[in-house]
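What follows is the residue order along each chain.
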Amino acid sequence: MKPFYQKLCAAEAALAGTLLVLMVALIFLGGVARVLGYPLNWSTDFATAFFAWACFLCADIAWRKNSLMAIEFLPARLPAKAQRLLRMVNYAIISAFLLYFMVMGAWLAWTSRVRSFQGIPEISYSWVTASAVVGGFLLLVTTVLKVVDEVKGKRSGPATATDVL
Amino acid sequence: MIWVLVAFTVLLLMGMPIAFAIGIAGCMFFLQHPELPSTIPIQLTITETQNFALLAIPLFILAGNLMNNAGITTNLLRLATVLTGRLQGGLAQTSIALSTLMSGVTGSSIADAAMNTRLLGFEMLKRGFSKGYAAGVLSYGSLLAPIIPPGIGFILYGTVGQVSIGRLFAAGIIPGLMLWAALALTISITARKRGYAPELKKRATLKEIALASWGGIWAVLFPVILLLGLRFGIFTPSEIGAFAVVYAVVIGLFAYRVLKAASLREAIEGSLVDIGAVMFLLALSAIFGYGIVFERVPEVISAWMLELTDSPNLVMVLIVLFILLVGTFMEGSVLIIMLTPIFLPLVTKYGIDPVHFGLVFIMAATIGNYTPPVGAAMFVVCQILRCPIGVYTRESMPFLISVSAVTLLLIFVPEIVLWIPDLIFGKP
């Protein structure tokens, strides 16, 4: 289980990084092509489709690394036991939310399968919607693993988020 | 909507990541309105990621991380040293000058604070600067990063509030330089009292200055190119983000020749985490935003405020005080994402220019990163220098006062902010 999961995480990061680089390349090319008088209408469409996937994959990476911003200075003042309980309650609520997110996302992907994506009629919009389903699933796995860590008595580590501002 | 706010506050205080808290609380609104389809929250989240304008955010985050690895810093440090070497306060002055120069290539105060501290922090302690003072200089200097173009704050505010990013970038130039002047003056005064001597024994020669300037030319040119590109409509803001990435890679590979495959990879990996944290928050905040628009929250707040006062200046001061207060325990980017949709319609009703408000807003939100109990830039600097927060808070007080004074001045004299945007882009 563990080695497989580690491979999955590596693949996730590699995919997210690749999508990011592709987004840069597509948008840059699109911009240059337009300035030169040959606008590419598909470059921004693909870039935004990749963006949806990159967002959810990056969100999962950030969640696993405890890098999502949170206000922890109040819980940090509680006794250790209460802190642990609070984290478990948080994980439970988050799991329920992600489950809802996945199920409704899957439903949307199913119903939108005939809707075509932006300017590209051959591609179904479901490819974009699917990012929410896969992203929701990955985030859920990460959350469950955090619970497992807590049960084993390991804390997955304090939040290490920094702002981008 | 009141229950949404209650749920949000409770989840926040429980220490739940803000992104989840905002999404989950936003869903409460749909529980109260069973007539709305339950797929809307997911649809809203996905639609948010399909906004081409928002693509500028990940691209600028990546560009900033690449610039930090592109070898620009060492060149700019040389330039900063020859420029400020004779000023009272030595390395402290150099640090602020370096921040100013760096802020033209990076857009993030925390990245800037971390880099400056690693570069100059221990050197400052060796020269006899006290820990709290050094930490204060290093953290407050980074306030320039989001203000001098480009800045992630402007991009967040501009995309969320649909305000021209070109005008916002241009608006940051004079306030950025004013902040530099204010901080340099504060250092001169406090350094004299503390006996911190100048760094260089004698004035740098013209040749030295010219050489150092040439070394930093690619960094200094960058914001100019960005503004020209936006001014002449050659590029959209998202394309400018892609351009910034390419620019960083090209100068890192060819001009400074320090960018290696390993550091390229490191910059991308670091960006993934930053992008995840911000974009997930932004995407889920769309769920929350639906209820805000549905229940006309900005209109309600505006009506209430208009009854209280009809002075635009007073409204700005009240909003800034609110942001400073909330900013003491919440990250600046969260404030911009959450509060722009509420405050922007309000200030527009008062006839305040959205660019003027944006600049003041971003400045106030960033100042929150330097104040306890929670301040991201403060944490980074104090952690690296092993400086207790209490000591930092006491010794950095002069800097807090000087940047607050600049903010106040900018509120009351919008012309300072709007002069360059009007000059470059014309009056709106």
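Before any of the text, the structure's been laid out above.
As a starting point, this report considers the structure included with it. Note that the coordinates shown come from a computational prediction; the quantities given were computed from them, not determined experimentally.

Describing the environment of isoleucine 287 of chain B
- Checked against the element boundaries, isoleucine 287 of chain B lands in helix H16 (residues 261-294).
- Between the C-alpha atom of isoleucine 287 of chain B and that of leucine 185 of chain B, which follows or precedes it by 102 residues, the distance is 46 Å.
- Among all residues touching isoleucine 287 of chain B, those that are not within four sequence positions of it are Phe97 of chain A together with Gly23, Gly26, Cys27, Phe30, Pro41, Leu44 and Thr45 of chain B.

Some remarks on the nonpolar core
- Residues Phe20, Ile72 and Phe357 of chain B are the most contacted members of the largest nonpolar core, which totals 210 residues.
- Here the element with the most residues in this core is H16 of chain B; it accounts for 16 residues.

Structural notes on H16 of chain B
Residues and elements named next belong to chain B.
- For H16, spanning 34 residues, the distance from its first C-alpha to its last is 49 Å, which sits close to the expected 50 Å at 1.5 Å a residue.
- The principal kink in H16, of about 35°, is found at isoleucine 287.
- Directly after H16, the chain includes arginine 296, whose backbone phi takes a positive value near 50°.

Some remarks on the layout of surface pockets
All names here are of chain B.
- Looking at the second largest pocket, its volume works out to about 720 Å³.
- If you trace the second largest pocket, you find 26 residues lining it, with Leu5, Phe322, Val326, Leu339 and Ile342 closest to the centre.
- Contributing elements (two or more residues each) for the lining of the second largest pocket: helix H1 (2-13), H16, helix H17 (297-308), helix H18 (312-327) and helix H19 (332-349).
- With six residues, H19 is the largest single contributor of residues to the lining of the second largest pocket.

Here's the deal with the pattern of salt bridges
All names here are of chain B.
- Considering all chains together, one arrives at 12 salt bridges over all chains under this definition.
- Across the salt bridge formed by lysine 126 and glutamate 123, the nearest N and O atoms sit 3.6 Å from each other. You can see lysine 126 and its partner glutamate 123 sitting in helix H7 (residues 109-126), three residues apart, about one turn around the helix.
- Residue lysine 126 is classed as exposed on the basis of its relative accessible area, which comes to 67%.
- Among the charged side chains, a salt-bridge network with shared partners connects Glu123, Lys126, Arg127 and Glu199.

What counts and what doesn't
- Residues numbered from 1 in each chain as written.
- Chains lettered and ligands numbered in written order.
- Predicted model: local features only at pLDDT ≥ 70, side-chain atom pairs only at ≥ 80, totals over all residues.
- Heavy atoms only, no water.
- Helix = DSSP H or I, 4+ residues; strand = E, 2+ residues; numbered from the N terminus.
- Contact = heavy atoms within 4.5 Å.
- Core = buried A, V, L, I, M, F, W, Y, C linked by side-chain atoms within 4.5 Å.
- Buried < 20%, exposed > 50% of the residue type's maximum accessible area, 1.4 Å probe, protein only.
- Expected span 1.5 Å × (residues − 1).
- Bend = angle between axes of the 7 residues up to and from the residue.
- 1 Å grid on protein atoms, 1.4 Å probe; cavity = no way out; pocket = protein on both sides within 12 Å on 5 of 7 lines; lining within 4 Å.
- Points joined across faces, edges and corners; volume = space filled by probe spheres on them.
- Salt bridge = Lys/Arg side-chain N within 4 Å of Asp/Glu carboxyl O.

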